[in-house]
Amino acid sequence: MKIVVIGGTGLIGSKLVEKLREDGHEPLAASPDSGVNALTGEGLAKALEGAQVVVDVANAPAWEDAAVLDFFRTSSRNLLAAETAAGVAHHVTLSVVGADRLAESGYMRAKVAQEDLVKAGPIPYTIVRATQFFEFIGRIADSSTDGDTVRLSPALVQPEAADDVASTLADVAIGAPLNDTVELAGPEAFRLDELARRVLRANDDPRQVTPDVHARYFDAELDDRSLTPGDGARIASTRFEDWLSQSAR
Ligand SMILES: NC(=O)c1ccc[n+]([C@@H]2O[C@H](COP(=O)([O-])OP(=O)(O)OC[C@H]3O[C@@H](n4cnc5c(N)ncnc54)[C@H](OP(=O)(O)O)[C@@H]3O)[C@@H](O)[C@H]2O)c1
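Bear in mind the structure is a predicted one, so any value in this text is a computation, not a measurement.

(A) Region of interest: the side chain of Lys111. By the element assignment, Lys111 lies in helix 4 (residues 106–120). Here the side chain of Lys111 touches Leu94 through a polar contact of 2.9 Å, landing on its backbone oxygen. Setting aside residues no more than four positions away along its own chain, Lys111 makes contact with Phe72, Leu94, Ser95, Val96 and Ala99.

Written out as structure tokens, the structure is:
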């Protein structure tokens, strides 16, 4: 089965392409470098020829409110139009658990806009909402750093390994469209500040992490329900400490 992975060179996309290939499918890793640009539409028609499934795991290069909203809106519109022309039977989108609860965040508003276009669009779909990737915790710390201090909310998070996200997306992509949203989360919950502290410590990073209930996560204040999944979420298998010891090796 030909499966086009938009953002196929990124963290999740490259792992997904590898898994699909191992499983005997024909993934096409699409990104601007390979001449496929979801924002301008360049190369989309050719890339989608003969494809049954499109998985959109692209991410915006700039996260300012207007830029990120334009990225997810325009790229989703372009993809859905090109998929209609190519007769694609299943559109899979990767989104974020709790995106609709974080309206103060321009990034999350853009993800909700992306989801809404997919839900209202003409292509049968599945939306996978994932929690934070273990690999993303360093970037969360960077975004909350002032000098040597990282100020982070102690809100609960239930993160997961990017490998597990890619495996779930591979399963979803080869299955029938659900026309629904599924959630995916890691096997354990942590306080966000403690999680960042453990990642920084494992990397011999001297920054100090300070808990602050008002610290903003990409512009949104958090509580224990902001980023955690609901009942019925799929639970990924990799535990944080196992990932940490493997990634440190
Ligand atoms: N980070 C998290 O914890 C988290 C949690 C839940 C969901 N998500 C979602 O996961 C998705 C993937 O994230 P990621 O960390 O794997 O992203 P990433 O590593 O930043 O990769 C982004 C990919 O998008 C491609 N891309 C950028 N602009 C494009 C365009 N105009 N047309 C086509 N492709 C384009 C990039 O290509 P180049 O390499 O050529 O630039 C790259 O392949 C995002 O939608 C994000 O919202 C993330």
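(B) Region of interest: the sheet that holds strand 4 (residues 90–96). Taken in spatial order, the seven strands of this open sheet run 2-1-3-4-5-9-14, and their pairing is parallel. Two strands bound the open sheet, and with one partner strand each, they are strand 2 (26–30) and strand 14 (234–235). Of the pairings in the sheet, the one linking strand 1 (residues 2–6) to strand 2 comprises five bridges and is parallel in character. Residue pairing across strands places Val5 opposite Ala29, the latter belonging to strand 2. Set on the sheet, helix 4 makes contact with strand 3 (53–56), strand 4, strand 5 (125–130) and strand 9 (180–185); between it and strand 4 the angle comes to about 160 degrees.

(C) Up close: the environment of Ala215. Assignment of secondary structure puts Ala215 in the loop between strand 11 (208–211) and strand 12 (216–217). C-alpha separation for the pair Ala215 and Val150, spaced 65 residues apart in sequence, amounts to 9.7 Å. With sequence-adjacent residues up to four places away left out, Ala215 is seen in contact with Arg151, Leu152, Ser153, Ala220 and Glu221.

What counts, and at which threshold
- Residues numbered from 1 in each chain as written.
- Predicted model: local features only at pLDDT ≥ 70, side-chain atom pairs only at ≥ 80, totals over all residues.
- Heavy atoms only, no water.
- Helix = DSSP H or I, 4+ residues; strand = E, 2+ residues; numbered from the N terminus.
- Polar contact = N/O pair within 3.5 Å; in protein donor to acceptor, adjacent residues only side chain to side chain.
- Contact = heavy atoms within 4.5 Å.
- Pairing = 2+ DSSP bridges.
- Axes fitted to C-alpha atoms, helices over the stretch in contact; angles between N-to-C directions.

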